[in-house]
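Examination of the molecular architecture
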Amino acid sequence: MADYKITLLKGDGIGPEIVNQAVKVLDKAAEKFNFTVEYDEALLGGCAIDATGVPLPDETVAKCKASDSVILGAVGGPKWDNQPGNNRPEAGLLGIRGALGLFANLRPSVIFGPLKSASPIKDEIIGDNMDIMIVRELTGGIYFGERGRGDDFAWDTEKYSVAEVERIARVAFDLAMKRNKKLTSVDKANVLESSRLWRETVIKVSKDYPEVELNHMYVDNCAMQLVRNPKQFDVIVTSNIFGDILSDEASMIAGSIGMLASASLSGGKLGLYEPIHGSAPDIAGKGIANPLATILSVAMMLRYSLNQPEAAEAIEAAVSKVLLNNRTPDIYEDGMNKVSCDQMGDLVCAEL
Ligand code: NAD
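The paragraphs below set out a description of the structure included in this document. All values derive from a computational prediction rather than experimental measurement. (Residues numbered from 1 in each chain as written. Predicted model: local features only at pLDDT ≥ 70, side-chain atom pairs only at ≥ 80, totals over all residues. Heavy atoms only, no water.)

1. Section: the pattern of salt bridges
Using the criterion set out here, one finds 23 salt bridges in the structure. Residues Glu274 and Arg97 are paired through a salt bridge, measuring 3.3 Å at the closest nitrogen-oxygen approach. Taken as a pair, Glu274 in strand E12 (residues 271–275) and Arg97 in helix H4 (residues 89–99) lie far apart in primary sequence, 177 residues in all. Across the pair Arg303 and Glu316 runs a salt bridge whose closest N-O atoms are separated by 2.9 Å. A residue pair is termed long-range when its members are at least 10 positions apart, and Arg303 in helix H10 (residues 292–304) and Glu316 in helix H11 (residues 309–323) qualify at 13 residues. Using a relative accessible area of 22% as the deciding quantity, one classes Glu316 as partly exposed. (Salt bridge = Lys/Arg side-chain N within 4 Å of Asp/Glu carboxyl O. Helix = DSSP H or I, 4+ residues; strand = E, 2+ residues; numbered from the N terminus. Buried < 20%, exposed > 50% of the residue type's maximum accessible area, 1.4 Å probe, protein only.)

Given below as structure tokens:
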């Protein structure tokens, strides 16, 4: 029996191309660090609608639950744009997050040295190694609260329980302990009652983590500080809606969408790892997609779900090295070797 069982949800568009490269790199890491991986594939998104009529077949949920972790490519595309809302590919994405109880979304915003010029922020502001981790609560708050409509009004509800805030705060404190022991909790406690409960709860949890330096910031200030002085942040923890917005802002600071990984975690070891970008239908099948976000998602999986931190670091170092001379078209700069999706996967393997 293999040490780890991984379910692959390749999805649509460039999904299969980029996941294939991630698998290649994971196999190489397994060989180098002496562990074994067994794969199973399942359908999610448009390909699942085509094959079964629904974006998230029961069989997919069962396979994911039976595995140590899940690697997801991306879902969606114009072919399925006319599906009713609850049967769109993206409904499969929300469905699988819910079915696996993934309440914590980790979005690192990292600038790889060689890609500094891709950032819209000035060099002296980002410094040499900007590395922010945003921890977003994923299954509560206003996206899931009671909502409704009257004749000429509508409402949505932001609601958090102490238990919901406590468990996401613990994920963030645990991460901060493994990094620079600095945590910023972002809320709007000057206006929102739910934010006041958020802040009180985070302070309560902080008593269990005396080594972590905790500060609080209002979300409007945080949005500004992220572009004014991103280096001040290490780990940021925040609610679903604030995290949605701030993590997109932070990802833009890092420059290219083809580079950014993410993890969604439940209380246990099982996580779902995916690039933050979509299925890029405009370049699907052309062999030019950037597979690095998915490859870096594999590094996150090795670190957070499979307890193989050395392998994670080795992949990240290999990516950094390969970027010195090689680029897929989306991050191409003069003087570099222009490489395909497949070649980029091979180069990372060779560097490993
Ligand atoms: P997108 O991220 O797919 O593409 C935006 C732009 O970035 C495109 O020009 C694309 O070519 C480029 N791009 C994205 N990833 C790239 C990569 N790895 N390498 C090189 N270039 C890359 O966003 P979109 O165009 O708004 O959405 C396309 C489809 O993806 C839609 O159906 C959308 O619903 C879906 N989507 C899925 C997810 C997901 O599966 N998690 C996330 C976002 C969007």
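2. With respect to helix H1 (residues 15–33)
With 19 residues, H1 should reach 27 Å at 1.5 Å per residue; the first-to-last C-alpha distance of 27 Å fits that figure. Along H1, the positions that sit buried rather than exposed are Gly15, Glu17, Ile18, Val19, Gln21, Ala22, Val23, Val25, Leu26, Ala29 and Ala30. One or two residues past the end of H1 sits Asn34, with phi positive at roughly 65°. (Expected span 1.5 Å × (residues − 1).)

3. Structural notes on helix H3 (residues 58–65)
Along H3, the positions that sit buried rather than exposed are Thr60, Val61 and Cys64. Around the axis of H3, the buried residues are gathered within 100° of arc, so they sit on the same side. Turned more than 90 degrees away from the buried face of H3, the exposed residues are Asp58 and Glu59. (Arc of directions from axis to C-beta.)

4. A short note on the environment of Glu124
Tracing the backbone shows Glu124 in helix H5 (residues 123–126). When its relative accessible area of 58% is taken as the criterion, Glu124 is described as exposed.

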